[in-house]
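# Structure at a glance
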Amino acid sequence: MTDVSVGRKAPRITPDLVAEHGLKPDEYKRLLELIGRTPTLTELGIFSAMWNEHCSYKSSKVHLRTLPTKGEHVIQGPGENAGVIDIGDGLACVFKMESHNHPSYIEPYQGAATGVGGILRDVFTMGARPIACLNALSFGAPGHPKTPHLVSGVVAGIGGYGNSFGVPTVGGSVRFHSRYDGNCLVNAMAVGLARKDRIFYAAASGVGMPIVYLGSKTGRDGIHGASMASAEFGEDADAKRPTVQVGDPFAEKSLLEACLEIMAKGCVIAIQDMGAAGLTCSAVEMGAKGDLGVTLDLDKVPCREEGMSAYEMMLSESQERMLMVLKPEKEKEAEAIFRKWGLDFAVVGETTPTKRFIVRHGGEVMADLPIKELGDQAPEYRRPFVSAAKPALLEAESVKPPLGVADALEKLIGSPDLCSKRWVWEQYDHIILGNTVQRPGGDAAVVRVEDGPKGLALATDVTPRYCEADAFEGGKQAVAECWRNLTAVGARPLAVTDNLNFGNPEKPEIMGQLVGCIRGIAEACKALAFPVVSGNVSLYNETNGRAILPTPSIGGVGVIDDFTKSATLAFKRAGETILLVGETTGWIGQSIFLREICRREEGAPPPVDLVEEKENGDFVRALILDGIATAAHDLSDGGLLVAVAEMAMGAGLGAALEAAPEDIPGFAHWFGEDQARYLVTVPAAKAEAVFARAREASVLVTAIGTTGGDALTIPGERPMLVTVLRERFEGWLPAYMAGELPNA
Amino acid sequence: MKAAVLVFPGINRERDMARTLRLISGAEPAMVWHTETALPAGTDLVVIPGGFSYGDYLRCGAIAARSPVMDAVRAHASKGGLTLAVCNGFQIACEAGLLPGVLMRNARLRFICRDVFLKVERSDTPFSRGYNAGQVIRVPTAHGEGNYVADAETVARLEGEGRVIFRYVAPDGARDEAFNVNGSTNAIAGIVNERGNVLGMMPHPENHVEAAVGATDGRGLFAGLAEALGKAA
């Protein structure tokens, strides 16, 4: 074995120092057994970076393996920088969603910006040009003093990075709940397009191949970022600001162009971006995946600051950096391209046959470690878990709402979770690249693929309050709703990326949420043939011992053969028949109505019947693609009447609705959140034909009214003017952000 | 029409612009890297596209305005060559001295991506001949620093000489500060230089040229240019 330097000024490795690096005593014991001696400080840092939750998935891995990851469209499932699916015509869609929760809470602008930068890099590392971004944001209660600051910073950060990089941010979701006080969630998704036969992977191949460092210089920012993201917050969260990286979208845009250029020139054998745990993680992954060793010479690493130690260089999370194995004969050509884009280019190491990870600095060996155990053979836990007791059903008859239907609708439509998020998405360039067919604000975004006619539908979804009440049903519902949103624009859902945000997995009840949600996701993905191709797990989302709501964000991709056939949710003309697809039982438990109007968060969430989901969705998609449905919208938060209102506001056109059936309390009929439902409008003359199709397909379709007028009308209720609804809908967020709602 | 689209590091709407030029003129534009010192022979339209050249670091457009290729652009413009500068391009053109004034942070301090309504003030320029004077067109904006500012004398000259080509208005064409998306002086969205051969504008006509993706109100600008320059050329 090589003689490993401990460094002249290195501190002694004490139990305290080990604990500071987030390694548990049993993990440290395992480390000692692996290397047979006390680690150097650099080695301790490397282990801490690789074995933390964020990089190793040690608590979730055994459960993640139960997710369905294969399907006829899947080219690459989880385990690479991003998932890859075949979308036909020789093209592949590359996509992934990832969290940047902890950094965004500490430093919202840079935290969110580098979250976008990181996920974009994951996508273009694989050879894809990014064509769209989405996000899923969860903030604390509107009344919490920090919330407006976080909203403003996170939104500006996402926009600041994506707009400058030049990718349209086409969709997403924003929610508020007091359980995210002190721990907001920023989940960013990127989608790219590549030629199916030109996908690039991380696994190095060949011994003695030069390893090249590309992109920006290494600085002292983000050291221990991944470890920070693997611990809970206490009162000292602000003190962790130095662990947040600083983004440079300009460098990333240049890096994108340079990478795509050298890939097109056939220079690249393997490529891995430097994300969490920077140089350490990227080098280890390239070697471990290729069953090779890696030797790095840190004297060659381009640095932004003088006198950086090996420890700092190995743990820096400076952004906009890549590691590659290049074809030796193409090295000069690649270097010229990088120089043209004003980026650093340096050979910093080579592949070896030894399966050791060796780091040299100043002529000394600072680390000499087994590469497989650092990477794909990192520790795994089967943590104990308990599933929470299923909450009791809440009978609608037992609920006495304080408001009538019309008042409730006007309040709900202007409530934080249901109101328009225009204030947010207008800060994102959502039209750049000239392919955005459906802009934010619909069920799913639709982007044209190259010059068409193919389009991709994209959506992110999850209903955390359902997951909290029943992790299994909530996991199912997140997938089903995403599938439904893609279907509602006429797309065939193909695959998902999952971003699982939970609290501290060392608590059995949190682990129970994680396990339950994963089981639900797996069941729904199997039933809907909607495999998981990439994902990310973010644990320890707790502040002072209080966990966030379980939030498994699902990002879905669907394809539509002719984007001009995609449906939008706005009513199209007066006199059309409004059809409700799916069964309405008036499920009020865990509904937004119950929470916002009755101030109660209780009951079991609506169950998801996956067979019905599939049948109803396939029925609606066919109506859209056959040109029969003139508008389509899925039903979710807020139920039937909120969905009707959204369709009406989209067009500035009202509707005359039929009264609620007598066997369901009115409020439950209008605001219950039964699943597997859609609204479509059809020309009145075609309604009969639709009923005939429905009978044939055994799908429940009910005519619930007719479009027209300037208000929503229901027998026995006062009219709800579309202009008033719009005012409420558009009004809340701008007023809140302007500080005009002191009691929000 | 023989267009040259300039490419600076950090520019990101050059592909949108190239696609639109191709779609409407039928000719592929040349993409010209910022270190070039000459434009391709026969260039009759220079386009400075949108984006974030050099990350908008220092000041928007300030670094790009000093790129080698800009000398060639100034020479082209001084000979009366047509130059279209959109968004970051407008900022670069101002910084390069091709147009007067400066683009400041939006009045509400936030980046805004939204369709806006522009009144075409006159139709007797190569850039606006595809429209009728007084016509209102809908095109998108996407910028954080598009608030046009110049000293009172310059603004008076621009107005007096009829050099304001596009102005932010309400959908019905009325002047209304609520529709002045970024707070620009006199709701100015686009101006030409003294000679009328350099147009700078903040909105993105190149993103509204296809009915299936947005709208088609941007077509007039490019169709007019193609006509002015002769499609076959």
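Below is a short write-up of the structure. One numbering rule holds for all chains: residues counted from 1, following each sequence as written. Working convention: letters from A go to chains and numbers from 1 go to ligands, in the order in which they are written. Restriction of local features to residues with pLDDT of at least 70 applies here, the model being predicted, together with a cutoff of 80 or more for giving and counting side-chain atom pairs; totals for whole chains, interfaces and linings are based on all residues.

## Here we look at the overall build of chain B
Note the following rule: Helix and strand labels come from DSSP, where a helix needs a run of H or I of at least four residues and a strand needs a run of E of at least two; each type is numbered from the N terminus. Based on C-alpha atoms, the radius of gyration is set beside the globule rule, defined as 2.2 Å times the residue count to the power 0.38. Neighbour counting defines burial: a residue surrounded by 20 or more other C-beta atoms within 10 Å of its own C-beta is buried, one with 12 or fewer is exposed, and intermediate counts give partly exposed, using backbone-placed C-beta atoms. In this description, any two residues whose backbone-derived C-beta atoms lie within 7 Å of each other are considered to be in contact.
Of the regular secondary structure elements, chain B holds 5 helices and 11 strands. Relative to the 2.2 N^0.38 estimate, which gives 17 Å for 233 residues, the radius of gyration of chain B is 16 Å and therefore close to what a compact globule would have. In terms of overall dimensions, chain B has a C-alpha envelope of 45 × 35 × 35 Å along the principal axes. Burial analysis of chain B (233 residues in total) assigns 58% to the buried set. Excluding contacts between residues fewer than 6 apart, the proportion of contacts in chain B whose partners are at least 24 apart in sequence is 75%.

## Focus on the overall build of chain A
In terms of regular secondary structure, chain A is built from 25 helices and 28 strands. Taking 27 Å as the expected radius of gyration for a compact globule of 744 residues, we find that chain A reaches 26 Å, a close match to that expectation. Dimensions of chain A along its principal axes, counting C-alpha atoms only, are 85 × 50 × 45 Å. Relative to its full complement of 744 residues, chain A shows a buried share of 64%. Taking the intrachain contacts of chain A between residues at least 6 apart in sequence as the baseline, contacts between residues at least 24 apart amount to 85%.

## So, the sheet that holds strand 17 (residues 492-501) of chain A
All names here are of chain A. Rules: One requirement defines pairing of two strands: DSSP has to find at least two bridges between them. Throughout, an axis means a line fitted to C-alpha atoms (over the contacting stretch in the case of helices), and angles, computed between N-to-C directions, take values from 0 to 180 degrees.
With respect to topology, 6 strands assemble into an open sheet ordered 14-15-16-21-17-18, the strand pairing being mixed. The sheet is open, and its two edges are formed by strand 14 (436-438) and strand 18 (532-538), each paired on a single side. On average, each strand axis in the sheet is tilted by 20° relative to the strand beside it, whichever way the strands run. Two elements, strand 15 (residues 445-448) and strand 16 (residues 455-461), share 4 bridges in a ladder whose sense is antiparallel. Opposite Ala445, over in strand 16, you have Leu458 as the bridge partner. The sheet strands contacting helix 18 (residues 471-488) are strand 16, strand 17 and strand 21 (551-560), and the helix crosses strand 21 at an angle near 25°. With respect to the sheet, helix 19 (residues 508-527) is in contact with strand 17, strand 18 and strand 21, its orientation differing from that of strand 17 by roughly 175°.

## Side note on the nonpolar core
Residues and elements named next belong to chain A. Applicable threshold: Here a nonpolar core is just a set of buried residues of the types Ala, Val, Leu, Ile, Met, Phe, Trp, Tyr and Cys, joined wherever their C-beta atoms sit within 7 Å.
Counting residues in each nonpolar core, the largest one holds 329 residues, and the members touching the most others are Met50, Leu458, Val479, Val644, Ala648 and Val680. Broken down by element, this core gets its largest block of residues, 10 residues, from helix 19. Discounting chain neighbours no more than four positions away, the residues touching Leu458 are Ala132, Leu134, Val170, Gly171, Val191, Ala444, Ala445, Val447 and Val557.

## Some thoughts on the environment of A:Pro401
All names here are of chain A. Its place among the elements puts Pro401 in the loop between helix 14 (371-374) and helix 15 (405-412). Accessibility expressed as a C-beta count within 10 Å gives 19 for Pro401, which makes it partly exposed. Residues Pro401 and Cys598 lie 197 residues apart in sequence; the distance between their C-alpha atoms is 5.8 Å.

## Some words on the interface of chain A and chain B
Spelled out, the test is: Each residue gets one of three labels, nonpolar for Ala, Val, Leu, Ile, Met, Phe, Trp, Tyr, Cys and Pro, charged for Asp, Glu, Lys and Arg, and polar for the others, Gly among them.
The interface of chain A with chain B comprises 25 residues on the first partner and 23 residues on the second. Breaking the side of chain A that touches chain B down by element, the ones donating at least two residues are helix 8 (147-165), helix 10 (249-264) and strand 14 of chain A. The element contributing the most residues to the side of chain A that touches chain B is helix 10 of chain A, with 4 residues. Considering only residue class, the side of chain A that touches chain B consists of 8 nonpolar, 12 polar and 5 charged.

## Details of the environment of A:Thr69
Residue and element names in this part refer to chain A. Within the fold, Thr69 resides in the loop between helix 5 (61-64) and strand 1 (74-76). Each C-alpha atom of the pair Thr69 and Val496 lies 9.4 Å from the other, and the pair is 427 residues apart in sequence. With residues up to four places along the chain from it excluded, the contact list for Thr69 reads Val74, Gly77, Pro78, Pro531, Val532 and Val533.

## A short note on the sheet that holds strand 10 (residues 188-192) of chain B
Residues and elements named next belong to chain B. Taken together, the 9 strands give an open sheet; going across it, the order is 2-1-3-4-11-10-9-6-7, and neighbouring strands pair in mixed fashion. Because the sheet does not close on itself, it has two edges, and the strands there are strand 2 (30-33) and strand 7 (136-143). Here the strands of the sheet are splayed against their neighbours by 25° on average, with no regard to which way each runs. Relative to strand 2, strand 1 (residues 3-7) runs parallel, the two sharing 4 bridges. Within strand 2, the position partnered with Val7 by the bridge is Trp33.

## Quick look at helix 22 (residues 639-651) of chain A
Along an α-helix, a turn takes 3.6 residues, which lines up residues three or four apart on a common side. Residues and elements named next belong to chain A. Inclusion rule: Multiplying 1.5 Å by the helix residue count minus one yields the expected span of that helix.
Spanning 13 residues, helix 22 covers 19 Å between terminal C-alpha atoms, matching the ideal 18 Å at 1.5 Å per step. Across the 13 residues that make up helix 22, a large majority, 11, are buried. Every buried residue belonging to helix 22 is among Gly639, Leu640, Leu641, Val642, Ala643, Val644, Ala645, Glu646, Met647, Ala648 and Met649, and all of these are buried. Just beyond helix 22, the residue with positive phi is Gly652, at close to 65°.

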